[in-house]
Amino acid sequence: MAPLAVALAGLGTVGAGVFALLGDRAETLAGRAGRPIRVVAVSARDRNRDRGIDLGGVAWFDDAAAMAREAEADVFVELIGGADGIARAACEAALDAGRDVVTANKALLAKHGTVIARRAEASGRTLGYEAAVAGGIPIVKALREGLAANRIAAIYGILNGTCNYILTEMRTTGRPFDAVLADAQALGYAEADPHFDIDGIDAAHKLAILTALAFGTEVDFDGVHVEGIRHVSADDIVFADELGYRIKLLGIARRTGHGIEQRVHACMIPQTAPLARVEGVFNAVVAEGDSVGTTVYEGRGAGAGPTASAVVADLVDLARGLRLPVFAAPAVDLLPAETAAMDRHVGPYYLRLMVVDRPGVIADVAAALRDEQISMESMIQRGRAPGGPVPVVLTTHETGEAAMSRALARIERIGSVVEPPHMIRIESLVS
């Protein structure tokens, strides 16, 4: 049978990893795919860079879009990155030229996924993106195939290994956020500009894709509520442990009576929950289906090996002739995204306050909560410093986000509260 001919755009860490994996495992992959898979063309910015791979006999294109249009290939693999520019232009050019596309580009799909899916399916092509979400974890295949019989109620998880590494190190070493972030950068777990990771953008891209796949909706990145982990302190982690929780940055999509919640933020989760035990740079995703119940998927979410593995898995499916709708349902049938507003969220909360240690302070705080019908579950106060600042930690029973926001604004105006309140949402996940 004729080989599956691949045009590969982007020869960075992942692209070189894909090229090497296809070469090193050629015989095994041919047996599993039913035919050989061969890279016939590549494109990258620097032709002369030593990438540790032999590009002899492979056509070189300086322009990825030109390669997408002109290379004698069956499938175009996009590993360039970026939501717009050459990455989008090259993917669209490949689809218009009658080629399938495989991408690891979460930003592209989060911003333009619905449009690109419709373009692919209208031209009779398919779009593979297993590598765009959670690296080596086959969560796209699980949702699109393995859980096809289920109505998904919720999908959530640890979607960013950098944040998970930072929070793990803060807990195990007691060191502050800035110091651990610097270590993560030195180790290559965080970029020199870590904004996309630590401010939750990377996780939000992935969550928007998972939401469309799980719930059959158009991709709605703009509907994701996004917060990062900059505000999480070493004190918060200590108090969380005392209260029986771990702090994790989670992406959560859940059906509610007001639409589908899409939110990324730091959460306190029970120490007994499966996600609480996922440490370091690992990712994990939990799906709750009406027939299967709760399923948990864990693995490395980034890096050359795991991401290349996911790209090659999509290529094997294409070589076999497996063609599925991009987001499980045909793109023309995807429902409009009806995202629940964040102020409709209901749940328990953790609050950490720095207050002047004098009579009446706690009464003022309690009054602000009482007036918003917020019930306290527990309170921790450490030590005494008459006239000086002391930390006070409160947890609440379930309450509405809007009410909590109003209470926090009022608490911040109390003269004895010496810094803005720190709030972390508590999630009572399946144990």
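To start, this report covers the structure provided alongside it.

Analysis parameters
- The residue numbers shown here count from 1 along each chain, following its written sequence.
- Given that this is a predicted model, residues contribute local features only at a pLDDT of at least 70 and side-chain atom pairs are listed and counted only at 80 or more, while totals for whole chains, interfaces and linings are drawn from all residues.
- Heavy atoms from the whole structure form the basis of all side-chain values; hydrogens and water molecules are not counted.
- Elements are defined by DSSP. Helices are runs of H or I of four residues or more, strands are runs of E of two residues or more, and each kind is numbered from the N terminus.
- Using a 1.4 Å probe on the protein chains alone, a residue whose accessible area is under 20% of its type maximum counts as buried, one over 50% counts as exposed, and one in between counts as partly exposed.
- Polar contact is the term for a pair of N or O atoms within 3.5 Å; when the atoms are in protein, one must be able to donate a hydrogen and the other to accept it, and sequence-neighboring residues count only if both atoms are side-chain atoms.
- By the convention used here, residues are in contact when the closest approach between their heavy atoms is within 4.5 Å.
- Working definition: a disulfide is two cysteine sulfur atoms within 2.5 Å of each other.
- Basic side-chain nitrogens of Lys or Arg form a salt bridge, by our definition, when they fall within 4 Å of a carboxyl oxygen of Asp or Glu.
- When DSSP finds two or more bridges between a pair of strands, those strands are recorded as paired.
- For helices, the fitted line uses only the C-alpha atoms of the stretch in contact; every axis is such a line through C-alpha atoms, and the angle between N-to-C directions lies from 0 to 180 degrees.
- The definition of a nonpolar core used throughout is a set of buried Ala, Val, Leu, Ile, Met, Phe, Trp, Tyr and Cys residues joined through side-chain atoms within 4.5 Å.

A few points about the side chain of Arg352
(1) Moving on: Tracing the sequence through the fold places Arg352 in strand β14 (residues 349-356).
(2) Moving on: Its relative accessible area of 5% is what places Arg352 among the buried residues.
(3) Moving on: Here the side chain of Arg352 touches Asp236 through a polar contact of 2.5 Å, side chain to side chain.
(4) Moving on: Beyond its immediate sequence surroundings of up to four residues, Arg352 is in contact with Ser233, Asp235, Asp236, Phe239, Val392, Val393, Glu419, Pro421 and His422.

Brief notes about the state of the cysteines
(1) Moving on: For the structure on display, the rule yields 0 disulfides.
(2) Moving on: The closest cysteine sulfur to the non-disulfide-bonded Cys163 is located on Cys267, 12 Å from its own sulfur.
(3) Moving on: Of the residues examined, Cys163 reaches a relative accessible area of 0% and is grouped as buried.
(4) Moving on: Of the residues examined, Cys267 reaches a relative accessible area of 0% and is grouped as buried.

Focus: the pattern of salt bridges
(1) Moving on: Evaluated as defined, the whole model comprises 29 salt bridges.
(2) Moving on: The salt bridge involving Glu218 is made with Arg118; its shortest N-O contact spans 2.9 Å. Within this pair, whereas Glu218 is found in the loop between α10 (201-215) and β8 (225-226), its partner Arg118 is found in helix α5 (residues 106-122), the two being separated by 100 residues in sequence.
(3) Moving on: In this structure Glu218 comes out as partly exposed when scored by relative accessible area, which is 25%.
(4) Moving on: Of the charged contacts, one joins Asp202 and Lys206 as a salt bridge, the two residues approaching to 2.9 Å between their closest N and O atoms. Of this pair, Asp202 and Lys206 both sit in helix α10, 4 residues apart, which is roughly one turn of the helix.
(5) Moving on: For Asp202, a relative accessible area of 8% puts it in the buried group.
(6) Moving on: With relative accessibility at 6%, the residue Lys206 sits in the buried group.
(7) Moving on: Linked through salt bridges whose partners overlap, the residues forming this network are Asp84, Arg88, Glu92, Asp96, Lys111 and Arg119.

Things to note about the pairing of strand β16 (residues 389-396)
(1) Moving on: For β16, a buried count of 6 out of 8 residues is recorded, marking the element as mostly surrounded by other parts of the structure.
(2) Moving on: For β14 and β16, the ladder comprises 7 bridges, and the chain directions are antiparallel. In the sheet register, Val356 faces β16, and the bridge partner there is Pro389.
(3) Moving on: Across 5 bridges, strand β15 (residues 376-381) lies against β16 in antiparallel orientation. Opposite Ile380, over in β16, you have Val393 as the bridge partner.

Things to note about helix α6 (residues 139-146)
(1) Moving on: Of all the residues in α6, the buried ones are Ile139, Val140, Ala142, Leu143 and Arg144.
(2) Moving on: Among the structural elements, β6 (127-128), β7 (152-158), α10, β11 (282-289) and β12 (293-300) are those in contact with the buried residues of α6.

Topic: the environment of Val226
(1) Moving on: For Val226, the location among the structural elements is in strand β8.
(2) Moving on: Of the residues examined, Val226 reaches a relative accessible area of 28% and is grouped as partly exposed.
(3) Moving on: With 48 residues separating them in the primary sequence, Val226 and Asp178 have C-alpha atoms 20 Å apart.
(4) Moving on: For Val226, the residues in contact, after removing those within four places along its chain, are Asp199, Gly200, Ile201, Ala204 and Val264.

Some remarks on the sheet that holds strand β2 (residues 37-43)
(1) Moving on: Here we have 6 strands laid out as an open sheet, ordered β3-β2-β1-β4-β5-β6, and parallel in their pairing. Each edge of the open sheet is held by one strand with a lone partner, namely β3 (59-61) and β6.
(2) Moving on: Relative to strand β5 (residues 100-103), strand β4 (residues 75-78) is paired through 4 bridges, and the arrangement is parallel. By the bridge assignment for β5, Val75 is matched with Asp100.
(3) Moving on: Most of the contacts of helix α4 (residues 86-96) go to β4, to which it runs at about 170°, and overall it touches β4 and β5.

Focus: unusual backbone geometry
(1) Moving on: Located in the positive-phi region is Ala328, a residue other than glycine, with phi close to 75°.
(2) Moving on: Looking at the element boundaries, Ala328 is found in the loop between α12 (304-320) and β13 (346-347).
(3) Moving on: Classification of Ala328 by relative accessible area gives partly exposed; the value is 35%.
(4) Moving on: With a phi close to 60°, Gln373 is a non-glycine residue in the positive phi region.
(5) Moving on: Mapped onto the elements of the fold, Gln373 is located in the loop between α13 (361-370) and β15.
(6) Moving on: Here Gln373 falls in the exposed class, since its relative accessible area comes to 69%.

Digging into the environment of Ala59
(1) Moving on: Here Ala59 lies in strand β3.
(2) Moving on: For the pair Ala59 and Ser43, spaced 16 residues apart in sequence, the C-alpha to C-alpha distance is 8.6 Å.
(3) Moving on: Look past the residues within four positions of Ala59 in its chain and what remains in contact with it is Val40, Ala41 and Val42.

Quick look at the nonpolar core
Most often, soluble globular proteins keep nonpolar side chains buried together rather than apart.
(1) Moving on: Counting residues in each nonpolar core, the largest one holds 86 residues, and the members touching the most others are Phe76, Ile139, Ile166 and Phe327.
(2) Moving on: The element contributing the most residues to this core is α10, with 10 residues.
(3) Moving on: Apart from the residues lying within four places of it in its own chain, the contact partners of Phe327 are Gly113, Thr114, Ala117, Tyr129, Ile209, Ala212, Leu213, Val219 and Leu334.
(4) Moving on: Val39, Val42, Ala131 and Ala308 belong to the second largest nonpolar core, which has 30 residues in total.

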